[in-house]
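Chain residues, written in single-letter form:
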Amino acid sequence: MIITQNGLPINNSKTSNNAISKKLNKYSKRFGLENINAHAIRRGYAKKLLDAGASIAIISKALGHSDLGVTTQYLDLDVEEVATSLRDYL
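None of these values were measured; they are calculated from a predicted model. Sequence order sets the numbering: in each chain, residues are counted from 1 along the sequence as written. Since the coordinates come from a predicted model, pLDDT governs what is reported: local features require at least 70, and pairs of side-chain atoms require 80 or more to be given and counted, while whole-chain, interface and lining totals use all residues. To obtain the side-chain values, all non-hydrogen atoms of the structure were used and water was disregarded.

A. Broad picture of the packing of aromatic side chains. Between the rings of Phe, Tyr and Trp (Trp by its six-membered ring), a pair exists once the centres lie within 6.5 Å; its type follows the angle of the planes, with under 30 degrees stacked, over 60 edge-to-face, and the other angles tilted. Considering all chains together, one arrives at one aromatic pair under this definition. Cation placement over rings: the criterion is NZ of Lys or CZ of Arg within 6 Å of the ring centroid and within 35° of the ring normal. Positioned over the ring face of Y74 is R43, at 5.1 Å from the centre of the ring.

In structure tokens:
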């Protein structure tokens, strides 16, 4: 699930996910784009939020994750990057 800027969840039914995937596939072929899929878009959305300063808790909520651990794996955070960021608070 992705939350819109209005705070409402985007419909996350299997039917709508399949329709989104089909449209992405159609347009990626039409425009010669590679590695474009719903999962990549969600990852990009999450990373953009993180880069803009959003907390992992907020990103987790926006993605509909029930566990922060899933979100940290989803963001593929570099251990050194996390350590450097934490040093700013010490």
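There's plenty left to go through after this.
B. Spatial organisation of helix α4 (residues 68–75). Remark: exposure states derive from per-residue accessible area (1.4 Å probe, protein chains only) relative to the maximum for the residue type, with buried under 20%, exposed over 50%, and partly exposed in between. Helix numbers and strand numbers start at the N terminus; a helix is a DSSP run of H or I with at least 4 residues, a strand a run of E with at least 2. Residues of α4 that are buried include every one of T71, Y74 and L75, and no others. Buried residues of α4, viewed axially, fall in a sector of 90°; they line one side. Whether two residues are in contact is decided by their heavy atoms: any pair within 4.5 Å suffices. Structurally, α4 contributes buried residues whose contacts are with α2 (38–51) and α3 (56–63). In the analysis that follows, any N or O atom pair within 3.5 Å is treated as a polar contact, provided that within protein one partner can donate a hydrogen and the other can accept it, and provided that, for residues neighboring in sequence, both atoms belong to side chains. Looking at where α4 begins, the residue whose side-chain oxygen comes 2.7 Å from the main-chain nitrogen of G69 is D67. Where α4 terminates, the next one or two residues include D76, which has phi positive at roughly 50°. This arc corresponds to the set of directions leading from the helix axis out to the C-beta atoms.

C. Structural context of the pattern of salt bridges. Take a side-chain nitrogen of Lys or Arg and a carboxyl oxygen of Asp or Glu: if they are within 4 Å of each other, that pair is a salt bridge. On inspection of all chains with the given rule, the structure shows two salt bridges. The closest approach of N and O atoms between D51 and K47, which form a salt bridge, is 4.0 Å. Of this pair, D51 and K47 both sit in helix α2, four residues apart, which is roughly one turn of that helix. Taking the shortest distance from any N to any O, the salt bridge between R87 and E80 comes out at 3.5 Å. Classification of E80 by relative accessible area gives partly exposed; the value is 46%.

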